[in-house]
Structure formats: structure tokens, C-alpha cells
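Report on the structure
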Amino acid sequence: MITGKFPALRLRRNRKTDWSRRLIEENNLTPNDFILPIFLIDGKNKKQSIKSMPGVYRYTIDKLNNIVDRAIKKGIPMIALFPYTEKRKKNDLGTEALNENNLVCRALQRIKNKYKNEIGIMCDVALDPYTSHGHDGLLQNKYVLNDETIKILLDQSLLQAQMGCDVLAPSDMMDGRIGEIRKYLDKHNFKMTQILSYAVKYASSFYGPFRDAVGSKNLLKGNKKNYQMDYRNSDEALREVALDIKEGADMVMVKPGLPYLDIIKKVKENFKIPVMAYQVSGEYSLLENGIKNDLTDRNIILESLISFKRAGANAIVSYYADRLDQIIK
Ligand code: PBG
């Protein structure tokens, strides 16, 4: 496509001034583009720092109002809840996931009662915060069992929906779980609970700091390669997405984000479905470690986030979500 040539054509003309650059911008970030992850801990009046994620904290439930108020004021459409589960509450089967008084359930009720539909709430569907071996499902001879795990995920899904979760986000990578969860929710009259499938979740080394944040890091036995995707593949990502859409996913997630922009783009181009990207904990730590707090350094955050939009993401799960205005300033 040749549309002209030098000297008649000068692409730098459009870039000459700030107003002109703003006029022709193809992508930008607004608060609507973000999902804010919140880490929960048991107890009272605590804001606990996380060693591997400077600037990110775990909060007790009584501290949530502040965070949620601020998120709403900033115009963030959705938060995502992640529990730090005490070791004594974990076991092989992850039964704490089905305890209606667990951290997530209590937080859901609290937030939903107070804020109704002012903000959306998303919760992971997976057992890893609750299992003593740190895997997302039931473990047998180092293999995570598929169908047996789904049975538990169904009850976890229904419980979270009953407690007020708007968007269930299965992050476990079991085959067939989206269809089973959809059927189960419909059967129990939760026809309008949305499903955001972590359809494309790679077995990634970028999740390290998150596992520290939820307390599964030192517990994890082996790796998650027999269920999460192999990062050498991309055709397989499209098969995962195609299946989840067919099974009833309302939106899909690609995770991690920055090393997988090609996948975000392919998924968007092929399926025209809402695509979320997860800027995961390891990406966050990398960026944080590269920042010495002057403006140029902070711009690496914006540049990374815009790349998600350019690739085709509708929204981004980011630990920067509630600090974006400070970063842009
Ligand atoms: C759990 C889950 C993980 C993340 C979100 N949900 C970790 C994992 O699969 O081990 C990672 C998020 C991050 O690194 O920020 N299924």
C-alpha cells in the first residue's frame, strides 16, 4: 500500500505538535480499561505489605470500604478478589473453597450488600489458594485430575455466585469446565452470572510474586504444566478459546500479558469476543524494579499498558489499576 512519497508525503507532519498527536491517537487508556485485583487476609484492621510486590498490599475485610470507594470514584468497572489462606485451612482437597464463611465469601457479601451494582466483582474459580500442594485441582500421582476437580469447581462457582460474585473466572484450565459451570449455574437459577474464562493461561514463571501474595509459593509441588498451556504454542490458544466460547464463556482472558501480545491479537482477530489481558505479578515486579520513580521511568508502565490495548485487549487486570492517574500525572 503506497499512498504517496517524499517530499510530498511527510508522516512527521502529523506528529509535529501535541494536539495533532492527540488528534490522531489510535489507542488510549481510560479507567474503564481496568480490573483491580485485591488481596484479602484474615484479621482486623490490617494492611500488609507483600515482599515481592512493593506497592501492593493484603487487606482485612474491614479495610475494604476504602479501597472499593476509591475504585468506584476512579471509575474502575470491576475488582477481582484473591484470598491469602492460612496454612492450617489448607488440605489436599482444598475444602476451604466450599466454606461459605471463607474470606472470599465474606468479602463478597460485604461488598455486594454495600455497593450493589456500583462495581462488578470477579472471583477466580480454582482450588490453588486452598490446597496444601498449591495446585488448582485434585492431585493424584503428580497429575491434576480433570473431571473430579470440575465437580468441586461447580460448587465453588455456585457458592461464589450465591454470595454475590458477578463474574466467575475459572482459572484452573480443566477441560470442559466452562460448559459444566454454565449448566450448573443455569440449573440453580444464576442465569445472568457472567463467566470470564481464563481460556488461555500459560504455565508461566511470571506468576511467582502472586503465589507469594496468596501464600502458595512454598507449597507448590512441581509445576502446572500438565494443565496450563505450553508457552511455545499459539494455535493451541485458539482451540482453547473456540471451545470455551462454544461452552458459554462471555469473555476470555489471556494470561500473562506482555509476553503474549501476539496471542491477544490473534484471539481478538479470530473471535471478536471481549478479551481481557492479565498483567501478572511477575510483569509488575519487573516494571517496579526498573523504576526509580522519575517520570521517564514511570512511562514504561503506560507504554506497557497501551501495548495491551493496541494488541486488542478490551481491559487489563493490573496491579496499577487504582494508581493510574498518579502514573499519568
Ligand atoms: C490461580 C491464579 C494465578 C494467578 C491468578 N490466578 C497463579 C497460578 O496459576 O499459579 C496469577 C496472577 C499473577 O501472577 O498476577 N489459578
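See the structure shown above.
One structure accompanies this document, and this report is about it.

The rules behind these values
Residues numbered from 1 in each chain as written. Predicted model: local features only at pLDDT ≥ 70, side-chain atom pairs only at ≥ 80, totals over all residues. Heavy atoms only, no water. Near = heavy atom within 4 Å. Polar contact = N/O pair within 3.5 Å; in protein donor to acceptor, adjacent residues only side chain to side chain. Areas by Shrake-Rupley, 256 points an atom, 1.4 Å probe, with all protein chains shown as cover. 1 Å grid on protein atoms, 1.4 Å probe; cavity = no way out; pocket = protein on both sides within 12 Å on 5 of 7 lines; lining within 4 Å. Sits in = over half its atoms within 2 Å of the grid points. Buried < 20%, exposed > 50% of the residue type's maximum accessible area, 1.4 Å probe, protein only. Helix = DSSP H or I, 4+ residues; strand = E, 2+ residues; numbered from the N terminus. Arc of directions from axis to C-beta. Salt bridge = Lys/Arg side-chain N within 4 Å of Asp/Glu carboxyl O.

Let's shift gears to the site of the ligand. Taken together, 16 residues sit near the ligand, with Lys201, Arg211, Lys255, Ser281 and Tyr319 positioned nearest. In the environment of the ligand, an oxygen atom lies 2.8 Å from a nitrogen or oxygen atom belonging to the side chain of Lys224. Here an oxygen atom of the ligand sits 3.0 Å away from a polar atom, N or O, in the side chain of Gln228. Considered on its own, the ligand offers 400 Å² of accessible surface; in the complex 100% of this is hidden by protein. For the ligand, the cavity whose grid points lie within 2 Å of the majority of its atoms is the largest cavity.

A few words now on helix 8 (residues 261-271). Buried residues of helix 8: Ile263, Ile264 and Val267, and no others. Taken down its axis, helix 8 places every buried residue within 105° of arc, on the same side. Lys272, located one to two residues past helix 8, shows a positive phi value of around 50°.

Scanning all chains against the criterion turns up 16 salt bridges. Lys74 serves as the salt-bridge partner of Asp325, at 3.1 Å between the closest nitrogen and oxygen. On the criterion of sequence distance, the pair formed by Asp325 in helix 11 (residues 324-328) and Lys74 in helix 2 (residues 64-74) is long-range, its members being 251 residues apart. In this structure Asp325 comes out as partly exposed when scored by relative accessible area, which is 39%. Between Asp136 and Lys224 there is a salt bridge; the shortest N-O distance is 2.7 Å. Residue Asp136 is located in the loop between strand 5 (120-125) and strand 6 (139-140), and its partner Lys224 is located in the loop between helix 6 (208-213) and helix 7 (235-247); the two are separated by 88 residues in the primary sequence. Take Asp136 and Lys224: they sit in the same class, and that class is buried.

What follows covers unusual backbone geometry. The amide bond that connects Phe6 to the next residue, Pro7, takes the cis arrangement and shows omega of 10°. As for its placement among the helices and strands, Pro7 is situated in the segment before helix 1 (18-23). Pro256 follows Lys255 through a cis peptide bond whose omega is -10°. With respect to the helices, strands and loops of the structure, Pro256 is situated in the loop between strand 10 (251-255) and helix 8. In this structure, Asn45 takes a positive phi of about 50° despite not being glycine. Within the secondary structure, Asn45 is located in the loop between strand 1 (34-41) and strand 2 (47-49).

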